[in-house]
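Each chain, written out:
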Amino acid sequence: MHRLWRSLRRLGYLALAGLVLWLGGLALFVASSLSIHGDPSIATDAIVVLTGGRLRLETGLQLFVAGRAKKLFVSGVNQRVDRSELLRKFGPVGERAACCIVLGHEADNTFGNARETANWMQEEGYRSLRLVTSWYHMRRGLLEFGRAMPQVTIIADPVFVLHIDSERWWSWHGPLVLIVSEYDKYLGAWMRPALGSIAEGAWR
């Protein structure tokens, strides 16, 4: 009985240590994500917008119209949505940018976004891009894009879209779940190469 209790206590310590590390990593993830700010004065060959919210595309369009890139690539667009339909809601700004916008319909996650964009960048012969996505998604986006395009210069331009009412504490639930979920996805993406190597070695 004493041995069992000692084993359970060790497991409890390990679980507590794991929780502390996870929470510390989450705090670092949020702080580092919030510290990323775009520099609109830097021009790149392309602007790449990852679908997932109106403000992402709106930000990309504004940067493109301001002359920050030659073309704008939108990755992860629904197969049933065409360019005119996507841009109609943005009025004159969308019309001005329509000539130089390319839609990618193949990706359905961040890993796919990076591969889809890498193929397009290679076809265009481009060597630099400005990545536009939500601030909490930027770390994972930079990780995946850096792996897919190690020779390409990537400028981060995060979109800050979370608005929380400090007077209504329950309004924090949705954003908190979103950030925690994104942190776990980031950890999964970060560990994927190591896990892949372990799995490959196990099958040999």
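Residues numbered from 1 in each chain as written. Predicted model: local features only at pLDDT ≥ 70, side-chain atom pairs only at ≥ 80, totals over all residues. Heavy atoms only, no water.

**A look at the environment of Gly 146**
Its place among the elements puts Gly 146 in helix H6 (residues 135-148). Owing to a relative accessible area of 30%, Gly 146 belongs among the partly exposed residues under this scheme. Once the C-alpha coordinates of Gly 146 and Ala 118 are considered, the two residues, 28 residues apart in sequence, prove to be 9.9 Å apart. (Helix = DSSP H or I, 4+ residues; strand = E, 2+ residues; numbered from the N terminus. Buried < 20%, exposed > 50% of the residue type's maximum accessible area, 1.4 Å probe, protein only.)

**Quick notes on the sheet that holds strand E2 (residues 71-75)**
Hydrogen bonds along the backbone pair up the strands of a sheet, which may run parallel or antiparallel. Across the sheet, five strands lie side by side as E3-E2-E1-E4-E5; this open sheet has parallel pairing. Single-partner strands in this sheet number two, and they are strand E3 (101-104) and strand E5 (153-159). Averaged over all neighbouring strand pairs, the angle between strand axes comes to 20°, with direction disregarded. Relative to E5, strand E4 (residues 128-134) is paired through seven bridges, and the arrangement is parallel. In the strand pairing of E5, Leu 131 is matched with Ala 156. (Pairing = 2+ DSSP bridges. Axes fitted to C-alpha atoms, helices over the stretch in contact; angles between N-to-C directions.)

**Let's talk about helix H5 (residues 110-124)**
Taking 1.5 Å of rise per residue, the 15 residues of H5 would be expected to cover 21 Å, and the 21 Å separating its terminal C-alpha atoms lies within 8% of that figure. Buried residues along H5 sit against strand E1 (46-50), E2, E3, E4 and H6. For H5, the N-terminal cap is Asn 109; the gap from its side-chain oxygen to the backbone nitrogen of Phe 111 is 3.3 Å. (Expected span 1.5 Å × (residues − 1). Contact = heavy atoms within 4.5 Å. Polar contact = N/O pair within 3.5 Å; in protein donor to acceptor, adjacent residues only side chain to side chain.)

**As for a nonpolar patch on the surface**
Taken together, the side chains of Leu 4, Trp 5, Leu 8, Leu 11 and Leu 14 make up a nonpolar region of the molecular surface, amounting to roughly 570 Å² of accessible area. Tracing the sequence through the fold places Leu 14 in helix H1 (residues 2-34). Among the residues examined, Leu 14 registers a relative accessible area of 61% and is labelled exposed. (Patch = residues over 30% accessible without salt bridge, like charges linked within 9 Å, V, L, I, M, F, W, Y side chains within 5 Å. Areas by Shrake-Rupley, 256 points an atom, 1.4 Å probe, with all protein chains shown as cover. Salt bridge = Lys/Arg side-chain N within 4 Å of Asp/Glu carboxyl O.)

**Notes on the packing of H5 against H6**
At a minimum axis distance of 9 Å, the contact between H5 and H6 shows a crossing angle of 45°. In terms of their interaxial angle, H5 and H6 are classed as oblique. Judged by the sense of rotation from one axis to the other, the crossing of H5 with H6 is right-handed. Taken together, the residues of H6 that come into contact with H5 (itself represented by Thr 110, Phe 111, Asn 113, Ala 114, Arg 115, Thr 117 and Ala 118) are His 137, Arg 140, Gly 141, Glu 144, Phe 145 and Ala 148. Considered class by class, the residues forming the contact of H5 with H6 number five nonpolar, five polar and three charged. (Parallel < 35°, antiparallel > 145°, perpendicular 65-115°, else oblique. Left-handed = near helix turned anticlockwise from the far one by under 90°. Nonpolar A, V, L, I, M, F, W, Y, C, P; charged D, E, K, R; others polar.)

**Quick look at the confidence of the model for the chain**
Taken over all residues, the pLDDT of the chain has a mean of 86, while the share at 70 or more is 88%. Predicted confidence is poor over residues 164-171, with pLDDT under 50, and the contacts of this stretch with residues over four places away or in other chains come to six contacts. (pLDDT = per-residue confidence, 0-100.)

**Structural notes on the nonpolar core**
Soluble, globular proteins show a tendency: their nonpolar side chains are buried together. In this structure, Ile 47, Leu 57, Leu 61, Leu 72, Val 74 and Ile 101 are the most contacted members of the largest nonpolar core, which totals 19 residues. The biggest single contributor to this core is helix H2 (residues 54-65), with four residues. For Val 74, the residues in contact, after removing those within four places along its chain, are Val 49, Thr 51, Leu 57, Leu 86, Ile 101, Val 102, Leu 103 and Gly 104. Counting residues in hydrophobic clusters, the runner-up holds 17 residues, among them Phe 73, Ala 118, Tyr 126 and Met 138. (Core = buried A, V, L, I, M, F, W, Y, C linked by side-chain atoms within 4.5 Å.)

**Here we look at the packing of aromatic side chains**
Counting across every chain of the model gives seven aromatic pairs. Centroid distance Phe 73 to Trp 120: 4.7 Å. Interplanar angle 10°. Geometry classified as stacked. Remark: Trp 120 occurs in helix H5 and Phe 73 occurs in strand E2; sequence separation between them is 47 residues. Note on Trp 120: relative accessible area 6%, which makes it buried. (Phe/Tyr/Trp six-rings, centres within 6.5 Å; stacked < 30°, edge-to-face > 60°.)

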